[in-house]
Amino acid sequence: MPDSRSASTLAPTEIVQRREVRTAIPGPVSQDHHARRQRAVSSGFGIVLPVFVERMGGGIIVDVDGNHLIDLASGIAVTSVGASAPDVVRRVQEQVARFTHTCFMVTEYDGFVQVCEKLNELTPGDHDKRTALFSTGAEAIENAIKIARVATGRTAVVTFGHAYHGRTLLTMTMTAKNAPYKDGFGPFAPEVYRAPLPYPYRWGADPQACAEQAYAELEDLVLKQIGARHTAAIVIEPIQGEGGFIVPPPGFLRSVQDLANAHGIVLVVDEIQTGLARTGRMFACEYDEVVPDLITTAKALGGGLPLAAVTGRAELMDAVHAGGLGGTYAGNPLACAAALGVFETIERDNLVARAVAIGERIRGHLDPLLGQVAAVGEVRGRGAMQAIEFVVPGSKEPDAQAAATVSAACHREGVLTLTCGTYGNVIRMLPPLVTGDELIDDAMGVLVTACRGL
Ligand SMILES: *Cc1c(COP(=O)(O)O)cnc(C)c1O
């Protein structure tokens with residue numbers, strides 16, 4: 001039964017965990033707010049679904065028209081422990097009443113140190129580590145490059161096809177896709193090089209051959225074109241996020257690590273989207289037993305508050321002169337309090353295992369589509385990071401329209417899906433890890449019906 005109280009009197013944890021479509025989506029109140037938005041906000045911001053949110057909890061978004069939507073986005077892999085998770089709320093409320101800001105470069109606070117200690121403990125490898133905190137993922141990547149350049153005395157940065165690393169000048173340069181991220185925003189940062197990313201489905205090769213071919217091209221780029229002694233860092237996402245949830249073939253990440261290690265190049269693993277339990281491991285690179293020199297985290301780290309980090313080998317992190325890193329808001333006290341609540345929730349509620357279970361449940365619904373729906377080219381992902389790639393039936397030609405059609409059908413039915421991919425033809429699923437089985441099943445039912453209707 002729908003709860004008789006209005007949504008606004010409910011704590012996030014009390015929101016009924018059930019999809020409920022009461023109006024058209026977007027409803028009249030959302031439409032009204034959206035019209036105001038268009039008069040007030042730069043049109044440079046896009047929008048996936050013009051629905052205004054009233055509150056969120058568990059796997060549900062309650063909109064201003066009273067609809068209950070199932071959240072398969074988590075605000076792009078941010079609210080992995082749930083929006084307004086109780087431990088995050090409690091710790092942030094306690095912190096906001098004590099102090100909101102000191103600037104960690106001016107006077108210190110313990111929450112910052114605790115988050116660094118926790119990341120040093122949780123990230124792969126048992127070597128001596130240090131962490132630096134920032135506010136956004138792009139900032140973490142920028143700083144990882146600064147650290148790698150100072151530590152090596154080299155300048156070149158190697159990234160991959162389909163990569164996404166952010167929207168600042170350096171990180172958009174490192175990002176592969178032109179529109180919308182780079183279009184018209186040049187000139188770009190110098191000394192950024194791109195190697196092909198093995199994409200088994202599109203390359204059509206068997207995964208092993210695909211990994212070997214990609215490795216050969218990477219090695220040629222680093223050793224012959226740039227020169228190892230000019231290469232500061234190789235930066236890679238263990239599963240590409242915006243690029244289309246591309247899972248590199250087994251062995252590829254290890255070969256990249258071996259190349260980096262052999263030539264004194266800093267291996268930066270960008271776990272901004274994949275990290276903190278999302279893929280069914282605390283960090284996705286654990287699947288490949290890769291130990292990064294530097295690892296970047298953000299998104300899920302702050303539980304919705306802006307927090308990002310670079311964690312890595314002490315000798316690299318400490319190569320930077322005092323004052324060389326920082327930022328007014330870097331490691332803000334509220335964001336650090338939130339992160340401690342995130343760690344607590346992941347560990348106590350065993351969300352790593354939950355991500356595995358969510359992934360299996362999603363695949364149980366989606367795998368049968370392969371071979372039954374000709375537009376479904378591939379279903380892929382790890383843990384609670386799963387995707388469908390759509391193609392023109394009978395070919396591998398990317399079909400962005402099919403992804404858009406399925407997404408629109410899901411939105412109408414109250415299921416918030418996101419698309420991604422260099423060709424815009426991938427629907428990705430990133431539910432909060434606190435989403436119950438019933439919601440996953442309901443959302444997958446809607447998605448499967450939409451796919452079968454293509
Ligand atoms: C989102 C993302 C970034 C950028 O993070 P922001 O907080 O948006 O700056 C970088 N790398 C990856 C893999 C991401 O998914």
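For the structure itself, look to the data block above.
K.L.:
Help me out: how do you make sense of the packing of aromatic side chains in this one?
P.N.:
Two numbers describe a pair of aromatic rings. These are the distance of the centres and the angle of the planes. As enumerated under the stated definition, the model contains 6 aromatic pairs in all. A ring pair is formed by phenylalanine 99 and tyrosine 109, whose centres lie 5.8 Å apart and whose planes are at 65 degrees; its orientation type is edge-to-face. A residue pair is termed long-range when its members are at least 10 positions apart, and phenylalanine 99 in the loop between α3 (86-98) and α4 (110-122) and tyrosine 109 in the loop between α3 and α4 qualify at 10 residues. We classify phenylalanine 99 as partly exposed; its relative accessible area is 25%.

K.L.:
Looking at this structure, I do not really get the nonpolar core. What am I missing?
P.N.:
Residues Leu366, Phe390 and Leu447 are the most contacted members of the largest nonpolar core, which totals 93 residues. The residues touching leucine 366, leaving out its near neighbours within four places in the chain, are Val379, Ile388, Met429, Met444, Leu447 and Val448. If you look at the next biggest cluster of nonpolar residues, it comprises 27 residues, including Phe134, Ile147, Ala148 and Ala330.

K.L.:
I tried to follow the pattern of salt bridges on my own but got confused; where do I start?
P.N.:
Side-chain pairing between opposite charges can occur once the charged atoms of the two side chains come close. Across all of its chains, the model carries 24 salt bridges by this definition. Residue glutamate 389 is joined to arginine 202 by a salt bridge in which the shortest nitrogen-to-oxygen separation is 2.6 Å. With glutamate 389 in strand β12 (residues 385-390) and arginine 202 in helix α7 (residues 200-203), this residue pair connects regions lying 187 residues apart in the sequence. Residue glutamate 389 is classed as buried on the basis of its relative accessible area, which comes to 1%. A relative accessible area of 21% places arginine 202 in the partly exposed class. Among the charged side chains, a salt-bridge network with shared partners connects Asp87, Arg90, Arg91, Glu344, Arg348 and Asp349.

What counts, and where the lines are drawn
- Residues numbered from 1 in each chain as written.
- Predicted model: local features only at pLDDT ≥ 70, side-chain atom pairs only at ≥ 80, totals over all residues.
- Heavy atoms only, no water.
- Phe/Tyr/Trp six-rings, centres within 6.5 Å; stacked < 30°, edge-to-face > 60°.
- Helix = DSSP H or I, 4+ residues; strand = E, 2+ residues; numbered from the N terminus.
- Buried < 20%, exposed > 50% of the residue type's maximum accessible area, 1.4 Å probe, protein only.
- Core = buried A, V, L, I, M, F, W, Y, C linked by side-chain atoms within 4.5 Å.
- Contact = heavy atoms within 4.5 Å.
- Salt bridge = Lys/Arg side-chain N within 4 Å of Asp/Glu carboxyl O.

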